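Fold and contact review
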Amino acid sequence: MSKKQIVRQYKERYRTEQAYEEMKGELGLDHFEGRRFRGWHHHVSVVLCCYAFIVAERDRSFFPSADAEGHAHPLRFAA
């Protein structure tokens, strides 16, 4: 693997861990106490949908789509 690929993999793992911690802490991913797969699947699906909405809203409200000079969105080029 090249150094760039190694850094990309490391950053992706970090982002995944951060997302998991945020879902556990703020959205209650780890609060399910049911006994059946159907209930667990529903709980996880709702948490993931809420997380996707929060990320989209955060992205929409924080970054402009392009500035006056025509630069692209900064998250599109993140490792």
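Everything that follows concerns the structure shown earlier in this document.
Below is a short write-up of the structure. (Residues numbered from 1 in each chain as written. Predicted model: local features only at pLDDT ≥ 70, side-chain atom pairs only at ≥ 80, totals over all residues. Heavy atoms only, no water.)

**Quick notes on the nonpolar core**
So the rule is basically this: Buried Ala, Val, Leu, Ile, Met, Phe, Trp, Tyr and Cys residues form a nonpolar core when they are joined through side-chain atoms within 4.5 Å. Using a 1.4 Å probe on the protein chains alone, a residue whose accessible area is under 20% of its type maximum counts as buried, one over 50% counts as exposed, and one in between counts as partly exposed. Each helix is a run of H or I in the DSSP string that is no shorter than four residues. Each strand is a run of E no shorter than two, and both are numbered from the N terminus.
Ranked by size, the top nonpolar core spans six residues in total: A19, M23, L29, V44, V47 and Y51. Counting residues per element, this core draws most heavily on helix α2 (residues 37-62), which supplies three residues.

**Quick notes on the packing of aromatic side chains**
The condition that has to hold: Only centres within 6.5 Å qualify two rings of Phe, Tyr or Trp (six-membered ring in Trp) as a pair; their planes then separate them into stacked at under 30 degrees, edge-to-face at over 60, and tilted for everything else.
Under the criterion given, the structure shown has one aromatic pair. Aromatic pair F37 and W40: ring centres 5.7 Å apart, planes at 35°, arrangement tilted. Within this pair, F37 and its partner W40 are both found in helix α2, separated by three residues, close to a single helical turn. We classify F37 as exposed; its relative accessible area is 58%. Taking the relative accessible area as the measure of exposure, W40 reaches 41% and is therefore partly exposed.

**Overview of the environment of V47**
Formally: We call two residues contacting when some pair of their heavy atoms lies within 4.5 Å.
Considering the arrangement of structural elements, one finds V47 in helix α2. Excluding residues within four positions of it along the chain, V47 makes contact with M23, L27, G28 and L29.

**Focus on the state of the cysteines**
Applied cut-off: The definition used for a disulfide is geometric: two cysteine sulfur atoms within 2.5 Å.
Evaluated as defined, the whole model comprises zero disulfides. The thiol sulfur of C49 is not disulfide-bonded, and the nearest other cysteine sulfur, from C50, lies at 7.0 Å.

**Observations regarding the side chain of H43**
What counts, and what does not: Within 3.5 Å is the distance limit for a polar contact, defined as a pair of N or O atoms, with the added protein rule that one can donate a hydrogen and the other accept it, and that residues adjacent in sequence qualify only through two side-chain atoms.
For H43, the position within the fold is in helix α2. Here H43 falls in the buried class, since its relative accessible area comes to 18%. A distance of 2.9 Å separates the side chain of H43 from the backbone oxygen of G28, its partner in a polar contact. Apart from the residues within four sequence positions on either side, H43 is in contact with G28, L29, H31 and F32.

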